[in-house]
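Below are the chains, spelled out letter by letter.
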Amino acid sequence: MRQNIITAGDNYRELDEWINERGARKILLVCRGAVNRMESFQKHLEELEKHVEIIKFSAYQSNPLYESAAAGVVMFRMQSCDAIIAAGGGSTMDVAKCIKLFSNMRGEGEDGGYLKQKIVPNTIPFLAMPTTAGSGSEATRYAVIYYLGEKQSIMSESFIPDTVLMDSGCLETLPAYQKKVSMLDAFCHALESFWSINSTDESKRYSRDAIGMILENMEGYLANTDDGNRNMLMASYMAGKAINIAQTTAGHAMCYKITGLFGIAHGHAAILCDRALFSRMIQNKDKCIDPRGEEYLERILLEIAHAMGERTAKDAAEKIGEIFDRLKLDIPTASRAQFEELKMSVNPVRLKNHPVELSVNTIDMLYHKILR
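This one's a predicted model, so the numbers in the text were calculated from it and none came from an experiment.

Visitor: Help me understand the overall build of the protein chain in this model?
Guide: Secondary structure assignment for the protein chain yields 16 helices and eight strands. In terms of overall size, the protein chain behaves like a compact globule, its C-alpha atoms giving a radius of gyration of 21 Å where 372 residues would be expected to give roughly 21 Å. Considered along the principal axes of its C-alpha atoms, the protein chain spans approximately 60 × 45 × 40 Å. In the protein chain, which comprises 372 residues, the share counted as buried stands at 56%. A sequence separation of at least 24 residues applies to 78% of the contacts in the protein chain between residues at least 6 apart. For the protein chain, the exposed area adds up to about 16100 Å²; of that, 48% sits on carbon and sulfur atoms. For the protein chain, the distance from the average position of its 43 positive side-chain charges to the average position of its 48 negative side-chain charges is 3 Å.

Structure below.
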């Protein structure tokens, strides 16, 4: 699917054109607190509301629930909305995607009903405005929600936003920790999609571009420069395009439980895992399970190193460690019981995307390296 990329320049002129071209009169705006920090966008919403009706939906949380998406569908229908705008991070994108997908299904979604129905694509206009440079969800066919305590991974080309609005001003007021971990989430997406067994020439181009842009713009982004913020938004988008094709691998499979147990951000947990996994791959290329073979894996690790501006894969692994140290992020301490819980928590489906075999014992060993 081809997406249109627009910017916030000239007082959101391209956003106004998007609304007018689609004839939207009632827009469901899926958003939470991030929008409240964006003074220029808030002012433009006030102008927009002179011509179109904006229905705000914010009844959801991080790691959103199925019930929240179903409630959004009810609001979308009751208000007779004809377009959706999602302004936020990954959770906001996931909720908005599900609202779009579920909106033309039968019923009101009681008892998980939307999850049991066949997906019927629709053409509801859908614009995404990422307010962090991290998840890349605006570029992917994936959404995650939780039903009865269980993670539901939903996939559909139908809910990829037709347009992405890049507004670097969104990043200016982010807390320092949030900026760091969002960037690391994008970086891990680029790394994992590069070494994924599902990678293609196209996905590797996106991965390579994302890695280069992240490293080139890290200083400016952390210092809150306009160029740094704008380029990091695009790097996150490129990393999202890469995982949309190649998917994530063991790093993401292993990091989810770390986030839940220790209350750290997703990108923080992901880099903890990927820095250990990168080193292990270098040392265990003979355990390659990518059908393209051990020599291919060796070449890919070298390509990642070159994308990072390093001469060898070992140099690249050391650079990942240096980046982590520079950002001064904590390493959680796990109890024996928590290590056992972590070992048994990993989704084996995601491990199949990883290019080097990982047994339960190896995963346990890695967790002991990752955590204190």
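Visitor: I keep staring at the sheet that holds strand 3 (residues 53-57) and nothing clicks. Help me out?
Guide: The strands making up a sheet are joined through hydrogen bonds of the backbone, oriented either antiparallel or parallel. Taken in spatial order, the six strands of this open sheet run 1-8-5-4-2-3, and their pairing is parallel. Strands with a single pairing partner mark the edges of an open sheet, and in this sheet they are strand 1 (4-7) and strand 3. Going across the sheet, the axis of each strand differs from the next one's by a mean of 25 degrees, ignoring polarity. Taken together, the four bridges between strand 1 and strand 8 (residues 163-166) define a ladder with parallel strand orientation. Residue pairing for strand 8: Ile 5 is matched across the bridge by Val 164. Sitting on the sheet, helix 4 (residues 66-78) is in contact with strand 2 (26-31), strand 3 and strand 4 (83-88), with an inclination near 160 degrees to strand 3.

Visitor: Would you mind going over the side chain of Ser 68 with me for this structure?
Guide: With respect to the helices and strands, the residue Ser 68 is situated in helix 4. Judged by its relative accessible area of 10%, Ser 68 falls in the buried class. Side-chain polar atoms of Ser 68 contact the backbone oxygen of Ala 59, separated by 3.3 Å. Excluding residues within four positions of it along the chain, Ser 68 makes contact with Phe 57, Ala 59 and Tyr 60.

Visitor: Sorry, what's going on with the side chain of Ser 193 here?
Guide: Along the polypeptide, Ser 193 turns up in helix 7 (residues 176-195). For Ser 193, a relative accessible area of 0% translates into the label buried. At a separation of 2.7 Å, a polar atom in the side chain of Ser 193 contacts the main-chain carbonyl oxygen of His 189. Within polar-contact distance, the side chain of Ser 193 engages the side chain of Ser 207 at 2.8 Å. Apart from residues lying up to four places away in sequence, Ser 193 is in contact with Ser 199, Ser 203, Ser 207, Ala 242, Ile 243, Ala 246 and Gln 247.

Visitor: What is the right way to look at the environment of Glu 295 in this model?
Guide: Looking at the secondary structure, you find Glu 295 in helix 12 (residues 294-307). Residue classification places Glu 295 among the exposed positions, given a relative accessible area of 68%. Considered as a pair, Glu 295 and Lys 285 are 10 residues apart in the sequence and their alpha carbons are 8.4 Å apart.

Visitor: Can you help me understand the packing of helix 11 (residues 266-283) against helix 13 (residues 313-326) in this one?
Guide: The description of two helices packed together rests on the angle between their axes and the distance between the axes. Between helix 11 and helix 13, the shortest axis-to-axis distance is 9 Å and the interhelical angle comes to 160 degrees. The angle between helix 11 and helix 13 places the two elements in the roughly antiparallel class. As for the relative orientation of helix 11 and helix 13, their crossing is left-handed in sense. Taken together, the residues of helix 13 that come into contact with helix 11 (itself represented by His 268, Ile 271, Leu 272, Arg 275, Phe 278, Ser 279 and Ile 282) are Ala 313, Lys 314, Ala 316, Ala 317, Ile 320, Phe 324 and Asp 325.

Visitor: What's the story with the pattern of salt bridges in this structure? I'm lost.
Guide: Charged atoms that come close allow side chains of opposite charge to pair. The full count for this structure, using the stated rule, is 16 salt bridges. In this structure, Arg 230 engages Asp 227 in a salt bridge whose closest nitrogen and oxygen atoms are separated by 2.2 Å. Here the residue Arg 230 and the residue Asp 227 both occupy positions in helix 9 (residues 226-246), the gap between them amounting to three residues, near one helical turn. A residue is classified by how much of its surface remains accessible, and Asp 227, at 44% relative accessible area, is partly exposed. Bridged by salt links that share partners, the residues Asp 10, Arg 13 and Glu 17 form one connected network.

About the criteria used
Residues numbered from 1 in each chain as written. Predicted model: local features only at pLDDT ≥ 70, side-chain atom pairs only at ≥ 80, totals over all residues. Heavy atoms only, no water. Helix = DSSP H or I, 4+ residues; strand = E, 2+ residues; numbered from the N terminus. Rg over C-alpha atoms; globule rule 2.2 N^0.38 Å. Buried < 20%, exposed > 50% of the residue type's maximum accessible area, 1.4 Å probe, protein only. Contact = heavy atoms within 4.5 Å. Areas by Shrake-Rupley, 256 points an atom, 1.4 Å probe, with all protein chains shown as cover. Lys, Arg positive; Asp, Glu negative; His and termini not counted. Charge placed at Lys NZ, Arg CZ, Asp CG, Glu CD. Pairing = 2+ DSSP bridges. Axes fitted to C-alpha atoms, helices over the stretch in contact; angles between N-to-C directions. Polar contact = N/O pair within 3.5 Å; in protein donor to acceptor, adjacent residues only side chain to side chain. Parallel < 35°, antiparallel > 145°, perpendicular 65-115°, else oblique. Left-handed = near helix turned anticlockwise from the far one by under 90°. Salt bridge = Lys/Arg side-chain N within 4 Å of Asp/Glu carboxyl O.

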